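# Structural overview for review
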Amino acid sequence: MNKALMTYLIWPLVKFLIAFVIVQVIVAAMNWVERRLLGLFQARLGPNRVGPKGLLQIIADPIKFLLKEDIVPASAEKVAYFLGPVLPLIPAFLVFCLIPFGPPPTFTVTRVNVGLLLIIALTSTAVYGIILGGWASNNKYSLMGGLRSAAQMVSYEVPFGLSIVGVLMITGSLDLVTIVRYQEVNAWNFISQIVACFIFLVSMNAENNRTPFDLPEAESELVAGYHTEYSAMKFAFFMLGEYSMMIVNSCLIVTLFFGGWTLGMFGFGLTTEVLRGMGVFGGLLGAAIFFTKVMLFLLMYVWFRATFPRFRFDQLMDLGWKFMIPLALANIFVTGIFILAGQERLMYWIGLGTIAAAAFYLFRPKRIPAKQKVVHAS
Amino acid sequence: MFDVQEMEVNFGPQHPSTHGVLRVLLKIDGERILDAKPIIGYLHRGTEKLFEHMAYPQCIPHTDRMDYVASATNNLGFVETVEKMMGITGNIPKRAQLMRVMLSELQRISSHLLWLATHAIDLGAMTPFFYTFREREQILDFFESYCGARLTLNCMRIGGMPDDLPHGWLEDVEAFVDKFEACIDEYESLLTNNRIWKKRTIGIGVLSPEDAIDWGITGPPLRGSGVEWDLRRAQPYECYPELQFEIPIGKNGDTYDRYLVRMEEMRQSTRILKQCFPLIRATPAGDIKAKISKVIRPPEGEVYHSIESPKGELGYYIVSDGKTQNAYRCHVRPPSFVNLQALPAMAKGHLVSDLVALIGTIDIVLGEVDR
């Protein structure tokens, strides 16, 4: 067989399919994990009827979606209505080709030297499906949900992109593998780029329309937002797209800021070289480390969902344009100064200081909730 | 250049956050509300007319169905009005009075818990919903063990109470009340100092004290605007004069102040309950009914009596012709109905998301609005 065919078509395809299956399993498992975890947070049980600990819920849900009647509203724009749920899936799945799940070359589907740029370009197309779906449903709530989503995703695309610039500047590469390799010999990027990491975390929540930024599908305001009129598998596609994008973004934050598949800094610990030395087992260990980190960020989404109320639309825009974008720009500026001055190590100390200060603030002894403003008249 | 169009949206009657079957006809420009028109009547059951065809005791179960999340106070308002008409208000035994107060205060807590749950979930915070329902279930269990029903209690009679307290009831309630303040702190830790919660509620739907009085608003929305008006203090009934409690009032009259007022009212209710335990233990068991005739036929005349329900002033106006066993005319002044009328004025100029907060903060129950 042609060697080039093997290298450039068959192997990538096989690897992609394996990665795809793993990710789909995570998506399905995520659904169960989210509901059980929310149950824990909220003093209730969550799904526990189907199978042991409700684990078969993962299978029961898709079966239900498949068997439900697929309703298309009479006044819907048929083609766009169909495209709506399908379009967000394409970028969500394609992106998995570009993310290195473990030590290269085995655990990367393709290695593109502008991988990061390609990922941002792909993920930003996900919004089309939501706008199309919201508009094609011919429902005022759907339309409002679609419009909100469009404005929100476009707005948060900007701080999302700008926060990555800081990482690019210190690592000097758009290649995700190089970025990870940089982090194992230096510190993980979240230390030196703590501000960028924070902005990335917030904007990835906003990008995915998750609480507290879940305005496009705000249940209590817009019924269900852009997917009000969708049922059965079409609705499941929207959910699949949303959860896949959650995983994509978690993969991205792990790769960019938390050392990807490695578990070491400054050349110590489980770096790529150490993992390679262990052979196949090392590769699998790297992938396991990577997915554990991804899982932690997925749990963070659930944690946010259980904790926060929802922003209002104008407040969301204010936060994006008036706070996040200036902050991201300032971060780029400051990073630039440090790099010019050749003081990149100083950024580690500043980052560590910031993390310590934040931890100190978060774990400070709690004040007794103040009885604000309520006056006892008698 | 652009053709700016106003959009009309039917907010309800089938909508997750209209708390029942309220329909608000919205005129919106983008997300901004130009006009909001509440359309009511989807749950109209003709309760007032029904009262004219039923003997007075038969009316009590129907009062349950008005404010169905606070039926004890509905019962209380009705039986007190009839008692006032018969002139037996002073004859009600102390134990029955205390039981009425305890049931009403438990009901006030459970109603406020339901309000907090729905208000929080309307604003996107889903966890308080489950925490408040945990405690609300316990309160409903107390109701169940007293009268057998959880929501539509039918737990008061003209002249007293239907039954004495079951064995161990007081101890159970006491245990609950002791731990309940910690539960309120738990809810508050999720919301009170949360920045997003503050952003969503501070400055939303501001009602000045003058406006609130002009609209005839009562209850927590009125007190949130800084008017010290609580019928338990202003026109005392039952044994409220003997009980120590404070009336929380707000300053700015916005949604956040109304939230704080209701949270504090729950604390005050627990305080009232705590005072009731020693008092009720001092009364003889079984002394729960005044001596009245079996047939209730109030003298000719009319009477208006109102109590402080969890949602505001709940008034009953009853006309009796003195000949029959049923009312000639009965009118109910439900607090939700009157409070709801301020919605268009409060909503104008806010965003669609705020309308949800406003419907929540008025705390309407459509059963009571439509009757």
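On a predicted model such as this, the values are computed, not experimentally measured, just so you know. (Residues numbered from 1 in each chain as written. Chains lettered and ligands numbered in written order. Predicted model: local features only at pLDDT ≥ 70, side-chain atom pairs only at ≥ 80, totals over all residues. Heavy atoms only, no water.)

All names here are of chain B. Burial along strand 2 (residues 23-29) is one-sided: Val24, Leu26 and Ile28 are buried, while Arg23, Leu25, Lys27 and Asp29, pointing the other way, are not. Bridge count between strand 1 (residues 7-11) and strand 2: five bridges; the pairing is antiparallel. What sits directly across from Phe11, in strand 2, is Val24. By the bridge criterion, seven bridges tie strand 2 to strand 3 (residues 32-39) in an arrangement that is antiparallel. When the bridges of strand 3 are listed, Ile28 appears paired with Ile33. Taking the residues between adjacent antiparallel strands as the criterion, strand 2 and strand 3 are bridged by two residues, where Gly30 takes a positive phi near 70°. (Buried < 20%, exposed > 50% of the residue type's maximum accessible area, 1.4 Å probe, protein only. Helix = DSSP H or I, 4+ residues; strand = E, 2+ residues; numbered from the N terminus. Pairing = 2+ DSSP bridges.)

All names here are of chain A. Inspection of the secondary structure assignment puts Ala196 in helix 10 (residues 194-207). In this structure the C-alpha to C-alpha distance between Ala196 and Gly161, which are 35 residues apart in sequence, comes to 10.0 Å. Those residues in contact with Ala196 that sit more than four places away from it in its chain are Ser163, Phe257 and Asn331. (Contact = heavy atoms within 4.5 Å.)

Turning our attention to the sheet that holds strand 1 of chain B. Residue and element names in this part refer to chain B. Spatially, three strands are ordered 1-2-3 in an open sheet, and the strand pairing comes out antiparallel. Edge positions in the sheet fall to strand 1 and strand 3, since each of these pairs with one other strand and no more. Within the sheet, the average angular offset between the axes of one strand and its neighbour, ignoring direction, is 20°. (Axes fitted to C-alpha atoms, helices over the stretch in contact; angles between N-to-C directions.)

Attention now goes to the packing of aromatic side chains. Residue and element names in this part refer to chain A. This structure, assessed with the given rule, holds 28 aromatic pairs over all chains. When the centroid spacing of 5.0 Å and the interplanar angle of 55° are considered together, the rings of Phe258 and Phe297 count as tilted. With a gap of 39 residues between them, Phe258 in the loop between helix 12 (232-257) and helix 13 (272-277) and Phe297 in helix 14 (residues 280-307) connect regions that are remote in the sequence. For the pair Phe258 and Phe297, a shared accessibility class is recorded, and that class is buried. Between Trp303 and Phe304, the ring centres sit 6.3 Å apart and the planes meet at 25°, which makes this aromatic pair stacked. Overall, Trp303 belongs to the partly exposed group, its relative accessible area being 46%. (Phe/Tyr/Trp six-rings, centres within 6.5 Å; stacked < 30°, edge-to-face > 60°.)

Residues and elements named next belong to chain B. Secondary-structure assignment places Ser111 in helix 4 (residues 94-122). The class of Ser111 is buried, set by a relative accessible area of 2%. Ignoring sequence-local partners within four residues, the contact set of Ser111 consists of Val69, Ala70, Pro310, Lys311 and Asp363.

As a further point, take the sheet that holds strand 6 (residues 312-320) of chain B. Residue and element names in this part refer to chain B. Ordered in space as 5-6-7, the three strands form an open sheet in which the pairing is antiparallel. Of all the strands in the sheet, the pair left with one neighbour each is strand 5 (301-309) and strand 7 (329-333). Along the sheet, successive strands turn relative to each other by an average axial angle of 10°, direction set aside. Where strand 5 meets strand 6, nine bridges bridge the pair, whose relative direction is antiparallel. Looking across to strand 6, one finds that Ser309 is bridged to Gly312.

Turning our attention to unusual backbone geometry. For Asn209 of chain A, which is not glycine, the phi torsion reads 55° and is therefore positive. For Asn209 of chain A, the position within the fold is in the loop between helix 10 and helix 11 (219-222). Its relative accessible area of 3% is what places Asn209 of chain A among the buried residues. In this structure, Glu238 of chain B takes a positive phi of about 50° despite not being glycine. With respect to the helices and strands, the residue Glu238 of chain B is situated in the loop between helix 10 (231-234) and strand 4 (248-249). What makes Glu238 of chain B buried here is its relative accessible area of 17%.

Moving on to the nonpolar core. Within the largest apolar cluster, 80 residues are counted, with the highest numbers of intra-cluster contacts made by Tyr56, Phe78, Met102, Leu103, Trp169, Phe180 and Tyr259 of chain B. Sorting elements by how many residues they give to this core places helix 4 of chain B first, with twelve residues. Residue contacts for Phe180 of chain B: discarding those within four places in its chain leaves Ile109, Leu113, Glu135, Tyr187, Met266 and Thr270 of chain B. Counting residues in hydrophobic clusters, the runner-up holds 61 residues, among them Ile191, Leu201, Leu252 and Phe257 of chain A. (Core = buried A, V, L, I, M, F, W, Y, C linked by side-chain atoms within 4.5 Å.)

Scanning all chains against the criterion turns up 39 salt bridges over all chains. Note that Glu184 of chain A is salt-bridged to Arg181 of chain A, the shortest N-O span being 2.9 Å. With Glu184 of chain A and Arg181 of chain A both in helix 8 (residues 176-185), this residue pair falls three residues apart, about one helical turn. Look at Arg181 of chain A and you get partly exposed, because its relative accessible area is 26%. For Arg267 of chain B, the salt bridge goes to Glu264 of chain B, with nearest N and O atoms at 3.8 Å. With a gap of three residues between them, Arg267 of chain B and Glu264 of chain B both fall in helix 11 (residues 255-281), about one helical turn apart. A residue is classified by how much of its surface remains accessible, and Arg267 of chain B, at 10% relative accessible area, is buried. (Salt bridge = Lys/Arg side-chain N within 4 Å of Asp/Glu carboxyl O.)

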